[in-house]
Structure formats: structure tokens, C-alpha cells
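# Structural characterization, general
Listed here are the chains, written in short residue letters.
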Amino acid sequence: MSETLSVADMESHSNDNSSKPVDPVAALRVANEAQARMAERVRSPWWVHVLRGAFVAAAVYGLGAPDSSAWMLVGVLGLVALSRRRVRDVGVARANPERWRFLTLGAPWAIVALAVSVAAMAFVVVAQDEPLWQVGVAAGVAGVVTLALGPAADASARRRLGSVLAGSPAR
């Protein structure tokens, strides 16, 4: 006589009674429902993308402009704080044991934004004697690309999470 657990019982952390067998079909259903809820939460408000773009621009500018360590500090601390808030709100971390999974879920948009940011940082470090306006343009381009591709990366991550949930391979 196999007793099955309800969704509420399986999601409860207080269910530590090992005498009740777990129905694998119900467990799979609960896991699929949880993944569907997680996929729906991968939707950042518009201001998150604006702040991320501004913080990336500040970090790039701070890296390349003379006597601008305050900009670098604002950019790095802002990105860390924004990332922590996103993890708390969305529940999906970019620095989890499957470190690159979230980045690849938002591919290619997240990868393009990352590549542009790294290229801008490399430019301002290598070209140290360039005029300040060129450092500003590199920082602005990195910030605008990050801002513009953020919603596309979120949408791609939702689609990929949904396709993984549906059982089709995520491309």
C-alpha cells in the first residue's frame, strides 16, 4: 500500500518522516512546477538593466581615467549589490555551482554583453595615453550594450529554462 505525497508535503521542509515512500512521478511534477516558477521569475525590472549598464560604465571609466578610483569603486560595489539583490528577488544566481549555466541560458545576449564589457576594459587599460573622451566612449558603449541586451538575455533565459522544462534541448 503505497502512499503518495501531495505537492505541499513535498515542498515542506518539515517532512522528514522516512517511513512515507516518495512517489517519483509526484516528485518529478513538483520539480517541474518549481522550475516553471523559477523560469517565470527570470524577468528583471527595467531599472535593474539601467543600473547594471550604469555600473558597468562606471567601472570601465574608473579603470581607464586617471584619478578615478571612486568611479571604479562605485561600479564594482554597485554591480555586487545589484547581483545580490537579483539573486534574492529572482532566485537564480550567476555564481552557483553550475557557474556558467545561467550565462549560457541567456546566450548569446549575455555573452555578447560580457565580451563588449571585457573589450572596453581591455581598451582602457591598454590605451592608457588616450584622451579622456575615448575612455568615456568606451565606458558608454559598454554600459549601453549591457543595458540594451539585458532584457534580451532575460527573455532568452526564460525560453531556455522553459524548453528544458518541456524536455526539448535548449539551443
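Here the structure is shown first, and the text comes after it.
Residues numbered from 1 in each chain as written. Predicted model: local features only at pLDDT ≥ 70, side-chain atom pairs only at ≥ 80, totals over all residues. Heavy atoms only, no water.

### A word on the overall build of the chain
- Scanning the chain for helices and strands turns up 7 helices and 0 strands.
- The secondary structure elements of the chain, listed N-terminal to C-terminal, are α-α-α-α-α-α-α.
- Looking at the chain as a whole, 33% of its 171 residues are labelled buried.
- Sequence-distant contacts in the chain: of pairs separated by 6 or more residues, those separated by 24 or more amount to 65%.
- When the accessible surface of the chain is split by element, carbon and sulfur atoms take 65% of a total near 10,500 Å². (Helix = DSSP H or I, 4+ residues; strand = E, 2+ residues; numbered from the N terminus. Buried < 20%, exposed > 50% of the residue type's maximum accessible area, 1.4 Å probe, protein only. Contact = heavy atoms within 4.5 Å. Areas by Shrake-Rupley, 256 points an atom, 1.4 Å probe, with all protein chains shown as cover.)

### Brief notes about helix H3 (residues 46-64)
- If you check H3, its first and last C-alpha atoms are 28 Å apart, about what 19 residues at 1.5 Å a residue would give, namely 27 Å.
- Within H3 the residues assigned to the buried category are Val48, His49, Arg52, Gly53, Phe55, Val56, Ala57, Ala58, Ala59, Val60, Gly62 and Gly64. (Expected span 1.5 Å × (residues − 1).)

### What about unusual backbone geometry?
- The backbone of Asp67 shows a phi angle near 55 degrees, a positive value even though the residue is not glycine.
- Checked against the element boundaries, Asp67 lands in the loop between H3 and helix H4 (69-90).

### Digging into helix H6 (residues 109-126)
- Taking 1.5 Å as the rise per residue, H6 with 18 residues should run 26 Å; its terminal C-alpha atoms sit 26 Å apart, in good agreement.
- Buried within H6 are the following residues: Ala110, Ala113, Ser117, Ala120 and Val124. All buried residues of H6 fall inside an arc of 95 degrees around its axis, so they share one side. (Arc of directions from axis to C-beta.)

### Regarding the packing of aromatic side chains
- Tallied over the entire structure, the rule returns 1 aromatic pair.
- Measuring from ring centre to ring centre gives 6.1 Å for Tyr61 and Trp71, while their planes differ by 90 degrees; the resulting arrangement is edge-to-face. Residue Tyr61 is located in helix H3, and its partner Trp71 is located in helix H4; the two are separated by 10 residues in the primary sequence. (Phe/Tyr/Trp six-rings, centres within 6.5 Å; stacked < 30°, edge-to-face > 60°.)

### Let's talk about the nonpolar core
- Residues Val56, Ala57, Val60, Ala65, Ala120, Val124, Val135, Ala138, Ala139 and Ala142 constitute the largest nonpolar core, which totals 10 residues.
- Secondary structure elements with two or more residues in this core: H3, H6 and helix H7 (132-166).
- In contact with Ala138, other than residues within four places in its own chain, are Val60, Ala120, Phe123 and Val124. (Core = buried A, V, L, I, M, F, W, Y, C linked by side-chain atoms within 4.5 Å.)

### Some details on a nonpolar patch on the surface
- A contiguous nonpolar surface patch, about 330 Å² in accessible area, is contributed by Leu63, Met121, Val125 and Val126.
- It is H6 that contributes the most residues to the nonpolar patch, 3 residues altogether.
- Note on placement: Val125 falls in helix H6. (Patch = residues over 30% accessible without salt bridge, like charges linked within 9 Å, V, L, I, M, F, W, Y side chains within 5 Å. Salt bridge = Lys/Arg side-chain N within 4 Å of Asp/Glu carboxyl O.)

### Considerations on the environment of Ala58
- Looking at where Ala58 falls in the secondary structure, it is placed in helix H3.
- On a C-alpha basis, the gap between Ala58 and Ser69 in space is 9.9 Å, while along the polypeptide they are 11 residues apart.
- Ignoring sequence-local partners within four residues, the contact set of Ala58 consists of Trp71, Met72 and Gly75.

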